[in-house]
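# Survey of secondary and tertiary structure
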Amino acid sequence: MIAEGALRPGQRLPTERELSAELGLSRSSMREAIRALTTLGVLEARHGAGVYVTALRPADLLETFGVLAEISRGETLVEVLQVRRMLEPAATALAAARVDDERLARIGALLADLTDGGSLERAVAADLAFHQAIVETTGNATLAAVNAGLSSHTFRSRVWRGHQRAGLTGRLREDHERIYRALAARDPAAAQAAATVHVLEVENWLRAHLDDFA
């Protein structure tokens, strides 16, 4: 009914009894279906008001996708990074072609947080926000939601800690500065190259420390 447009975003569902009768299902099966669609971000229960179709935004529908990056281990985590290496450079190139001064200033502020020599947690948070802001600059909400799902706070924390122990956090910061300069120059080719180098650096680091993620 939602896919066919009979129920629109923001619309209240008929009662459980009405839906059960219309679809020829038991009420227990209908409750299970509603729970499943709520978990998937398709429906939302409003206390005392009933069940509604969500806005069906990509960020809502792909929210559970983030579990993949957050709990993956070993070779599966390498595969997640390989997918990032396919998507993120292309998104960064598109962002370079579309970025305006306001967006660039926001990305620059996140870069400053990342490179100011503050706490590791601050750098990790800025790292996540920096890349997400770049992908959001493409104007593609689905791509932004997929990127968010491929981005793990836990994994990035471990990357930064590993580089810190090896005295290599400067390399990560240089990667981000290179990406920002390409965006500021509105140079899609340079932006794509800089993003590719960055993700590949992280992927190579992961391969070298894969035993820690088994």
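What comes next concerns the included structure. (Residues numbered from 1 in each chain as written. Predicted model: local features only at pLDDT ≥ 70, side-chain atom pairs only at ≥ 80, totals over all residues. Heavy atoms only, no water.)

Below, the discussion takes up the overall build of the protein chain. Each helix and strand in the protein chain was counted, giving eleven helices and two strands. Expressed as lengths along the three principal axes of its C-alpha atoms, the size of the protein chain is roughly 65 × 40 × 30 Å. Residues counted as buried form 38% of the 214 residues belonging to the protein chain. Sequence separation of at least 24 residues holds for 68% of the intrachain contacts in the protein chain that already meet a minimum separation of 6. Accessible surface for the protein chain amounts to roughly 11,100 Å². Of this, 53% is attributable to carbon and sulfur atoms. Charge-centre separation for the protein chain: the mean point of 25 positive side chains lies 3 Å from the mean point of 28 negative side chains. (Helix = DSSP H or I, 4+ residues; strand = E, 2+ residues; numbered from the N terminus. Buried < 20%, exposed > 50% of the residue type's maximum accessible area, 1.4 Å probe, protein only. Contact = heavy atoms within 4.5 Å. Areas by Shrake-Rupley, 256 points an atom, 1.4 Å probe, with all protein chains shown as cover. Lys, Arg positive; Asp, Glu negative; His and termini not counted. Charge placed at Lys NZ, Arg CZ, Asp CG, Glu CD.)

Glancing now at unusual backbone geometry. In this structure, leucine 56 is a non-glycine residue whose phi angle is positive, near 60 degrees. Along the chain, leucine 56 falls in the loop between β2 (50-53) and α3 (58-61). Unlike most non-glycine residues, arginine 186 shows phi in positive territory, near 55 degrees. The topology assignment puts arginine 186 in the loop between α10 (169-184) and α11 (188-208). Since its relative accessible area comes to 33%, arginine 186 is described here as partly exposed.

Note: strand β1 (residues 43-46) against β2, four bridges, orientation antiparallel. The residue bridging glutamate 44 from the neighbouring strand is tyrosine 52, located in β2. From the end of β1 to the start of β2, which pair antiparallel, there are three residues, and glycine 48 there has a positive phi angle of about 75 degrees. (Pairing = 2+ DSSP bridges.)

Space inside the largest pocket adds up to approximately 170 Å³. Along its surface, the largest pocket is lined by Met1, Ile2, Leu7, Leu13, Leu19, Leu23, Met30, Ala33, Ile34, Leu37 and Leu43. Listing elements by their share of the lining of the largest pocket, those giving two or more residues are α1 (16-23) and α2 (27-39). Per-element accounting of the lining of the largest pocket gives the leading share, four residues, to α2. (1 Å grid on protein atoms, 1.4 Å probe; cavity = no way out; pocket = protein on both sides within 12 Å on 5 of 7 lines; lining within 4 Å. Points joined across faces, edges and corners; volume = space filled by probe spheres on them.)

When you line up the elements, alanine 45 lands in strand β1. Owing to a relative accessible area of 61%, alanine 45 belongs among the exposed residues under this scheme. Between the C-alpha atoms of alanine 45 and arginine 35, which are ten residues apart in sequence, the distance is 9.3 Å. Setting aside its immediate chain neighbours within four residues, alanine 45 contacts Gly50 and Val51.

Moving on, we come to the packing of aromatic side chains. One pass over the structure, following the stated rule, counts two aromatic pairs. Here the aromatic rings of phenylalanine 155 and phenylalanine 213 are separated by 5.7 Å at their centres, their planes lie at 65 degrees, and the arrangement is edge-to-face. Here phenylalanine 155, found in helix α9 (residues 153-165), pairs with phenylalanine 213, found in the segment after α11; they are 58 residues apart in sequence, far enough to count as distant. For the residue pair phenylalanine 155 and phenylalanine 213, the accessibility class agrees, reading buried in each case. Judged by centre distance (6.0 Å) and plane angle (80 degrees), the ring pair of tryptophan 205 and phenylalanine 213 falls under edge-to-face. Accessibility classification places tryptophan 205 together with phenylalanine 213 in one group, the buried group. In this structure an aromatic cluster arises from ring pairing among Phe155, Trp205 and Phe213. For the cation-ring pair, arginine 46 lies above tyrosine 52, with the distance from its terminal atom to the ring centre recorded as 3.9 Å. Above the ring of phenylalanine 213, the side-chain terminus of arginine 158 is found at 3.9 Å from the ring centroid. (Phe/Tyr/Trp six-rings, centres within 6.5 Å; stacked < 30°, edge-to-face > 60°. Lys NZ or Arg CZ within 6 Å of the ring centre and 35° of its normal.)

Without other data, these values stay purely geometric and don't point to any function.
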